[in-house]
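Structural overview for review
Residues per chain, in single letters:
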Amino acid sequence: MGRYYRLSKKITEEMAEKILEEIRGIEDVEKSEFVEDNTKILVKTDKEKYPDVMTRIVNIFSRVGKGCELSFAGFDYPA
């Protein structure tokens, strides 16, 4: 199962690419992709790993996205 997170502000395409590059470097992330015109991100990892993974991702967004924050927006249920 994945989780969607809403971005607190608009980011550039270059920021989005850099953020995804850094997220994909996190060992426990199964999948990450921007959706809805880069206003949300989908992150998939094991349920018990979300706290550690999201702590790192929040820091990446803050740094690369120049203060961009994330808020939980919902679950992605398998079809």
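Structure first, text after, so check above.
Everything in this summary refers to the structure shown in the same document. Being a predicted model, the structure only gives us computed values, none of them experimental.

The next thing to look at is unusual backbone geometry. Of note in this structure, D37 is not a glycine but carries a positive phi near 60°. Tracing the sequence through the fold places D37 in the loop between β2 (31–35) and β3 (40–44). Given a relative accessible area of 64%, D37 falls into the exposed group. At N38, a residue that is not glycine, the phi angle is positive and equals roughly 65°. For N38, the position within the fold is in the loop between β2 and β3.

Attention now goes to helix α2 (residues 50–64). An ideal rise of 1.5 Å per residue puts 21 Å on 15 residues; α2 measures up with 20 Å between its terminal C-alpha atoms. Among all positions in α2, only Y50, V53, M54, I57, I60, F61 and V64 are buried. Buried positions in α2, seen along its axis, are confined to an arc of 115° and lie on one side of it. More than 90 degrees from the buried face of α2, the exposed residues found are P51, D52 and R63. Just downstream of α2, K66 is the residue with a positive phi angle, here 50°.

Within the largest apolar cluster, 22 residues are counted, with the highest numbers of intra-cluster contacts made by F34, I41, I57 and F61. Counting residues per element, the ones that place at least two in this core are β1 (2–7), α1 (13–24), β3 and α2. A total of seven residues in this core trace back to one element, the largest contributor, which is α2. When residues no more than four places from it in sequence are discounted, the contact partners of I41 are R3, Y4, Y5, L7, L20, I23, E33, F34, F61 and L70.

We now examine the pattern of salt bridges. Under the counting rule described, the total for this entry stands at seven salt bridges. Between E33 and K31 there is a salt bridge whose closest N-O contact spans 3.6 Å. Judged by relative accessible area, K31 falls into the partly exposed class, the value being 33%. Of the charged contacts, one joins D46 and K49 as a salt bridge, the two residues approaching to 3.7 Å between their closest N and O atoms. Among the charged side chains, a salt-bridge network with shared partners connects K18, E22 and R63.

A surface patch of nonpolar side chains, amounting to about 460 Å² of accessible area, comprises M1, F72, F75 and Y77. When you line up the elements, F72 lands in strand β4 (residues 70–76).

How each quantity is defined
Residues numbered from 1 in each chain as written. Predicted model: local features only at pLDDT ≥ 70, side-chain atom pairs only at ≥ 80, totals over all residues. Heavy atoms only, no water. Helix = DSSP H or I, 4+ residues; strand = E, 2+ residues; numbered from the N terminus. Buried < 20%, exposed > 50% of the residue type's maximum accessible area, 1.4 Å probe, protein only. Expected span 1.5 Å × (residues − 1). Arc of directions from axis to C-beta. Core = buried A, V, L, I, M, F, W, Y, C linked by side-chain atoms within 4.5 Å. Contact = heavy atoms within 4.5 Å. Salt bridge = Lys/Arg side-chain N within 4 Å of Asp/Glu carboxyl O. Patch = residues over 30% accessible without salt bridge, like charges linked within 9 Å, V, L, I, M, F, W, Y side chains within 5 Å. Areas by Shrake-Rupley, 256 points an atom, 1.4 Å probe, with all protein chains shown as cover.

The analysis is restricted to geometry; functional conclusions fall outside its scope.
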